[in-house]
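# Results of the structural survey
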Amino acid sequence: MNRLLLRRDRTEMSKSKILGRKELGERVEKWRGAGERIILANGNFDLLHVGHVRYLRGAKELGGKLVVAINSDESVRELKGEGRPVMPAEERAEIVAAVGDVDAVVIFPELDVRALIREIRPDIQAKGTDYTVDSVPERDAVTEYGGRVAIVGDAKDHSTSEIIRSRLGPRRA
């Protein structure tokens, strides 16, 4: 019985990390008022893999509250093509929220995260190693208010697209 209650408490705690844009703005202001630094990580997070976990851990290690912005189903489809995402946004958000390093999760409908950056003004935007500081598409939005971009995680040896292609795609006899 205690295990069931503990499991339910953990599930509720993870779900309480999933916020709408307005709630996220309020939470960020509260954290800032308490002197916390805000770090933003973003991506599709379709089929969470070890590369995602290392990216999120690296972002959290920058110090502060880690907000993870997840692309909506429509934006993933636009960016990755038909058949994606494999998992719906709400499930992807719940899985990412269960990662201990994550403090908040928001789903965003735009193709890039510039609008959210302008709303919450993170101190640091963390991107994975498939980027350089100069190649981050939203870098302009971060630097316009004095924020900075950091590259975190391990070498880009993991990819959801590659996992789908090599492990989940059609098998040849």
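Refer to the preceding data block for the structure.
Below you will find a few notes about this structure. (Residues numbered from 1 in each chain as written. Predicted model: local features only at pLDDT ≥ 70, side-chain atom pairs only at ≥ 80, totals over all residues. Heavy atoms only, no water.)

Judged by nonpolar contacts, the single largest core of 20 residues is most densely connected at Leu 24, Leu 40, Val 67 and Leu 116. Contributing elements (two or more residues each) for this core: helix 2 (21-33), strand 1 (38-43), strand 2 (65-71), strand 3 (104-108), helix 6 (114-120) and helix 7 (139-143). With near-sequence residues (within four places) excluded, Leu 40 lies in contact with Val 67, Ala 69, Val 113, Leu 116, Ile 117, Ile 120, Pro 122, Ile 124, Gln 125 and Ala 126. (Core = buried A, V, L, I, M, F, W, Y, C linked by side-chain atoms within 4.5 Å. Buried < 20%, exposed > 50% of the residue type's maximum accessible area, 1.4 Å probe, protein only. Helix = DSSP H or I, 4+ residues; strand = E, 2+ residues; numbered from the N terminus. Contact = heavy atoms within 4.5 Å.)

Take the pattern of salt bridges next. Inspection of the entire model under this criterion finds 14 salt bridges. Taking the shortest distance from any N to any O, the salt bridge between Arg 84 and Asp 46 comes out at 3.0 Å. Of this pair, Arg 84 sits in the loop between helix 4 (73-80) and helix 5 (89-97) while Asp 46 sits in the loop between strand 1 and helix 3 (50-60); the two residues are 38 residues apart in sequence, bridging distant segments of the chain. One salt bridge connects Arg 114 with Asp 112, and the closest N-O pair in it is separated by 2.4 Å. Several salt bridges converge on common partners, so that one network encompasses Arg 21, Glu 110 and Glu 119. (Salt bridge = Lys/Arg side-chain N within 4 Å of Asp/Glu carboxyl O.)

Our focus in this paragraph is helix 2. Taking 1.5 Å per residue as the helical rise, helix 2 with its 13 residues ought to reach 18 Å, and the 18 Å between its terminal C-alpha atoms agrees with that figure. Among the structural elements, strand 1, strand 2, strand 3 and helix 6 are those in contact with the buried residues of helix 2. At the C-terminal side of helix 2, Gly 35 shows a positive phi close to 85°. (Expected span 1.5 Å × (residues − 1).)

Before going further, it helps to examine the side chain of Asn 44. With respect to the secondary-structure elements, Asn 44 resides in the loop between strand 1 and helix 3. Not counting residues within four places of it along the chain, the set of residues in contact with Asn 44 comprises Ile 70, Asn 71, Val 76, Leu 79, Lys 80 and Arg 92.

Turning to its location among the elements, Arg 92 is positioned in helix 5. In terms of polar contacts, Arg 92 uses its side chain to reach the backbone carbonyl oxygen of Asn 71, at 3.0 Å. With residues near it in sequence (within four places) discarded, Arg 92 still touches Asn 44, Phe 45, Asp 46, Ile 70, Asn 71, Ser 72, Asp 73, Val 76, Pro 85 and Met 87. (Polar contact = N/O pair within 3.5 Å; in protein donor to acceptor, adjacent residues only side chain to side chain.)

As far as function goes, none of this settles anything; it's purely spatial.
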